[in-house]
Amino acid sequence: MDKLIIHGGKRLKGGVDISGAKNAALPIIAASLLASGYCTISNVPNLKDIMTMGRLLANLGAGFHYEDRKAIINTEKVKIFEAPYDLVRTMRASILVLGPLIARFGRAKVSLPGGCAIGARPINLHLIGLEKMGADIKLESGYVVAKGKRLKGTSIYLDVPTVTGTENLMMAASLAKGRTLLENAAREPEVVDLANALISMGARIKGAGESVIEIEGVDELKPVNYSIIPDRIEAGTFMAIAGITEGDIIIKRCRLDHLDASMMKLKEVGLVFEHVSDGIRVIGPSRPKAADVKTMPYPGFPTDMQAQFMAIMSIADGTSIIKETIFENRFMHVAELRRMGADIIVEGGTATVKGISKLKAAPLMATDLRASASLIAAALAAKGETTVHRLYHLDRGYENMEEKLVKIGADVKRVKE
Ligand code: EPZ
């Protein structure tokens, strides 16, 4: 296992290139199963989760090759329809092969993803939707076993605007017979990117990005060459890093229209944004002001930015109330921030953060993907040497983080545990 050794307390300055969005690449790679032939997906970040999805597709008999941020997938020889536990347990997004396998092959056996650090994360809405489309779904010793001749279009109301649930059902409906309405659908940009990729494959989809998505099923889809959107959460993370280090960072290749809620909140706490020729310049305040935030489904403030925002609030001038409404246990970074002197009290889904003037360096342990980003942001602000252990959490979602940090002047080193 690797760890990061960070000597913080420096004002970071320079440019960072944002990578492709992990949470768009994963469903779009899974969507290649809906057609037979070669798909080339570009701007795919070099991340562990991407390689896991590649291994999963190879397990099904597909060819998967990753080079130069391109994933080349050949689905002509897919003949196995099982996603095994040992792969699914390392990455919950494996569930995204369920919809495509049922829709294209009429059968699938996918391990139920276990819970994860941040919550139980059930997939009941994925399964209810597929059953409504005519799939026969059984749960057998920890696996979802699904069978279905041709799925039928229908109306599906999602109790919760689930992101991967919307994605699974949109993929399944693309090859169903007839029209499907997904109501209370997730509106995330990654859902829109998947819809655009499916449309390039010949799918007939209207309303992606809105709460009602209409899919007119077709008989066949064709392989696609497609380029992934930039990662809005990585961009937001570097904005937070500018905010906590009084930094002056130019963030390149990001889609600002995907960051409205995050930028509005960051402006509220004192960050200044300036459009420049090759991106957006973000200038952090000498000391952030406190502000309250509540995580919401897109276009609200993203849950994936909550931990990073809390790191900024831990040194803010004042008290902030942070409400996490999406996941039931997404405050594991609190205990670690407290080790740095942060004054944070958690009651249920609400954290009360009393800003202190300076965080203190300390040995820390990452617990999940976005918590690791939060701890790194805090460490960059704290004078002295901080070590962040269990870096594999970070590697799931941030490509070459330490190189990008060194490029903006951070004193960061990755070492083997
Ligand atoms: C996606 O997870 C993202 N992952 C998550 O990013 C992100 O935090 C999350 O959406 C919310 O934005 C990928 O896209 C691969 P949900 P997902 O289904 O789809 C409940 C990261 O940091 N729910 O939208 O699993 C669920 O319990 C990761 O990159 C049901 O009750 O999230 C949760 O409370 C972490 N039943 C809420 O909905 C279901 O069938 C939102 O979950 C499905 C979900």
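Residues numbered from 1 in each chain as written. Predicted model: local features only at pLDDT ≥ 70, side-chain atom pairs only at ≥ 80, totals over all residues. Heavy atoms only, no water.

Caption draft 1: Focus on the site of the ligand. As a matter of local geometry, the ligand sits amid 20 residues, with N124, T162, T164, D304 and I326 nearest to it. K22 has a polar side-chain atom sitting 3.1 Å from an oxygen atom of the ligand. Contacts to the ligand include V163, whose backbone N or O atom sits 2.8 Å from an oxygen atom. Protein contacts shield 87% of the accessible area of the ligand, which totals 820 Å² for the unbound molecule. (Near = heavy atom within 4 Å. Polar contact = N/O pair within 3.5 Å; in protein donor to acceptor, adjacent residues only side chain to side chain. Areas by Shrake-Rupley, 256 points an atom, 1.4 Å probe, with all protein chains shown as cover.)

Caption draft 2: Here's a closer look at the sheet that holds strand β13 (residues 212–216). The sheet built from four strands is open, its strands ordered β10-β11-β13-β12 with mixed pairing. The strands lining the two open edges of the sheet, one partner per strand, are β10 (155–157) and β12 (204–206). Across the sheet, the axes of successive neighbouring strands diverge by a mean angle of 15 degrees, strand direction being ignored. Sheet topology places β12 next to β13; three bridges connect them, and they run antiparallel. Of the residues in β13, the one forming a bridge with R204 is E216. (Pairing = 2+ DSSP bridges. Helix = DSSP H or I, 4+ residues; strand = E, 2+ residues; numbered from the N terminus. Axes fitted to C-alpha atoms, helices over the stretch in contact; angles between N-to-C directions.)

Caption draft 3: The arrangement of unusual backbone geometry in detail. Of note, the bond from Y298 into P299 is cis; its omega dihedral lies within 30 degrees of zero at 15 degrees. Turning to its location among the elements, P299 is positioned in the loop between β18 (293–294) and α10 (306–313). The residue D68 is not glycine, and still its phi comes out positive at about 50 degrees. Tracing the backbone through its elements, the reader meets D68 in the loop between β4 (63–67) and β5 (70–74). Assessed through its relative accessible area of 69%, D68 is described here as exposed. Positive phi outside glycine occurs at N400, with the angle close to 50 degrees. Of note, N400 is situated in the loop between α13 (392–395) and α14 (401–407). A relative accessible area of 36% means that N400 is categorised as partly exposed. (Buried < 20%, exposed > 50% of the residue type's maximum accessible area, 1.4 Å probe, protein only.)

Caption draft 4: Just helix α2 (residues 48–59), in detail. With twelve residues, α2 ought to run about 16 Å at 1.5 Å a step, and its terminal C-alpha atoms sit 16 Å apart, in line with that. Restricting attention to buried positions, one finds in α2 the residues D49, I50, T52, M53, G54, L56 and L57. Its buried side turned inward, α2 meets α1 (22–31), β4, β5, β6 (82–83) and α3 (85–88). At the exit of α2 stands G61, carrying a positive phi of roughly 105 degrees. (Expected span 1.5 Å × (residues − 1). Contact = heavy atoms within 4.5 Å.)

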